[in-house]
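# Topology and contacts: notes
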Amino acid sequence: VQYKFPEGFWWGSAVSATQTEGAANKGRKGKNIWDYWYETEPNRFYEGVGPESTSDFYHHYKEDIQLMKEIGHNTFRLSISWSRLIPGGRGKINQEAVNFYNHVIDELIANGIEPFVNLYHFDMPYELQEEGGWESRSVVDAYTTYARESFRLFGDRVSKWFTFNEPIVPVEGGYLYDFHYPNVVDGRRAVQVGYHTMVAHAQAVEAFRASGVKDGKIGIILNLTPSYPRSQNPADLKASRIADLFFNRSFLDPAVLGEYPEELIEILTEYSQLPVTKKDDKALIKANTVDILGVNYYQPRRVKAKEHLPNPYSPFMPDWFFDNYEMPGRKMNPYRGWEIYEKGIYDIMINLKENYGNIESFVSENGMGVQDEARFLENGEIQDDYRIEFIQGHLKWLHRSIQEGCNAKGYHLWTFMDNWSWMNGYKNRYGFFAVDLETKERTPKKSAYWIKEVSKNNGF
Ligand code: BGP
């Protein structure tokens, strides 16, 4: 074994409720914004396929957990569906949902797999979106109640909790770039949504600490996209720094350090874009920093100085301050259109070590989505050598960061088995297991056998 990982390293994978559970209209689940959007505008979705059945983890979890065990997982991240646990978002708890999540959690633990539970993965209950979603302070409070109830119901067995997955994505998708419901394009509202998400996060952390979950840890999962300037020219450096402020540090700093970066506040002040706040928010955020950080890493962000000044009468957008830059010769995943830059994971970890108190962290998502994977089928097995290579490339850099003292504790692939994805349906497949959409049959890919060896040897 050339790359040996520290004892107790977390090997696993991640899923989210909407993308994996299926049974969207079963078990008394309420509607979330994805169910609603799919019902009303199915043509927006890739090949017109929605989240209603997907891989049907809801009915297959036992079999899936056996497969996880088989390939050596010692951890697994799932999310609770808010609209399943509390249909409508506030009020009565749905006992059928409690039973389902209890079964999943107990089954994982019985098989030696530690559950990592996330509370929010893009899936706002529809009724609360109607009330204004994250723009509304009462929705922030409803989320806090939902979080508190989850700690109470499952905290006796779950000790790793996460408040949000990639909270910047609903801001980008829903309020800036038109790829999530409610498809608003408005920088000011985007700032408010991001800010309220952070307040919701801090209130949930506070509720967690008060809940007395034993030996529990609470964190947040951020998609950190290291920002690289085109050149060392001051204008490019500045552009890259501002992109970093908007897309990474707007959540990373308050979550880990308890405060927003000053330069971000200066920019928002200068352009009159500060969100509406409450007097005690600052102290709340300061007092409720995280114990642990999940890092989702797929791609870096390459940035150059703006070539043309924005129209000053256009609505405020982060894009006023930088242009994206396509570095010649960069390595691409052509299917997803994302750059592959393995060293990014190392740069993120070093940054956490140097500027964020070397907070305990782990790679909570990383993975390679590939179209038409059936092309790689040989004797009934998908030969996904490209995925093995992708994972290995990232693990090598992660390993190096650990050798240099970074506090990285694990690696989760996105995802365990092929699942439904937001606007892209089943276009890109990511799993260790292929899923037949008709029969729901799971078939291991070559990477499943490979990761089994890696987990067994704690390295490769
Ligand atoms: C992350 C999300 C996941 C997942 C993944 C892959 O941003 O947390 O939910 O979907 O990206 O992206 P995609 O499915 O869009 O290819």
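Residues numbered from 1 in each chain as written. Predicted model: local features only at pLDDT ≥ 70, side-chain atom pairs only at ≥ 80, totals over all residues.

### Some words on the overall build of the chain
A count of helical and extended segments in the chain gives 15 helices and 19 strands. For the chain, the C-alpha radius of gyration of 21 Å lies close to 23 Å, the compact-globule estimate for 460 residues. Buried residues in the chain amount to 49% of all 460 residues. At a minimum sequence separation of 6, the contacts of the chain that also span at least 24 residues come to 77%. (Helix = DSSP H or I, 4+ residues; strand = E, 2+ residues; numbered from the N terminus. Rg over C-alpha atoms; globule rule 2.2 N^0.38 Å. Buried ≥ 20, exposed ≤ 12 C-beta atoms within 10 Å, placed from the backbone. Contact = placed C-beta atoms within 7 Å.)

### Some thoughts on the sheet that holds strand β8 (residues 301-304)
Spatial strand order, β6-β8-β9: 3 strands in an open sheet with mixed pairing. One side of each edge strand has no neighbouring strand; the edge strands of this open sheet are β6 (227-229) and β9 (323-324). As judged from the 3 bridges shared by β6 and β8, these two strands associate in the parallel manner. Looking at the pairing, P229 lines up with V303 of β8. (Pairing = 2+ DSSP bridges.)

### Some remarks on helix α14 (residues 385-403)
The first and last C-alpha atoms of α14 sit 27 Å apart over 19 residues, in line with the 27 Å expected at 1.5 Å per residue. For α14, every residue scored as buried is listed here: R387, F390, I391, H394, L395, L398, H399 and S401. Down the axis of α14, the smallest arc covering the buried residues is 165°, so these residues share one side. Exposed and oriented more than 90 degrees from the buried face of α14 are D385 and Q403. Buried positions along α14 lie against α13 (343-355), β12 (360-365), β16 (408-414) and α15 (446-457). Just beyond α14, the residue with positive phi is G405, at close to 100°. (Expected span 1.5 Å × (residues − 1). Arc of directions from axis to C-beta.)

### Brief notes about the sheet that holds β16
On the basis of which strands lie adjacent, the closed barrel formed by 8 strands has the order β1-β2-β3-β4-β5-β7-β12-β16 and parallel pairing. Direction aside, neighbouring strands of the sheet carry axes that sit 25° apart on average. One ladder, built from 3 bridges, connects strand β3 (residues 114-118) with strand β4 (residues 160-165); its direction is parallel. Bridge pairing in β4 places N118 opposite F162. Relative to the sheet, helix α9 (residues 187-211) contacts β4 and β5 (217-223), its axis offset from that of β4 by approximately 165°. (Axes fitted to C-alpha atoms, helices over the stretch in contact; angles between N-to-C directions.)

### Points about the site of the ligand
Among the 15 residues in the neighbourhood of the ligand, the closest are listed as E166, G369, S421, N424 and N428. Broken down by class, the residue content of the shell around the ligand amounts to 3 nonpolar, 9 polar and 3 charged. (Near = placed C-beta within 6 Å. Nonpolar A, V, L, I, M, F, W, Y, C, P; charged D, E, K, R; others polar.)

### Some thoughts on the UniProt feature "active site" (unreviewed entry) in the chain
Within this structure's numbering, the places UniProt gives as "active site" (unreviewed entry) are E365. Locating E365 in the fold gives a position in strand β12. Ignoring sequence-local partners within four residues, the contact set of E365 consists of A14, N296, H412 and W414. (UniProt positions renumbered as here; feature names shortened; annotations may be inferred.)

### Digging into the pairing of β12
Burial runs high along β12: 5 of the 6 residues are buried. Pairing between strand β7 (residues 292-296) and β12: 5 bridges, direction parallel. Among the inter-strand pairings, I292 is bridged to a residue of β12, identified as E360. The pairing of β12 with β16 spans 2 bridges and is parallel. From the neighbouring strand, S361 faces β16, where its bridge partner is A408.

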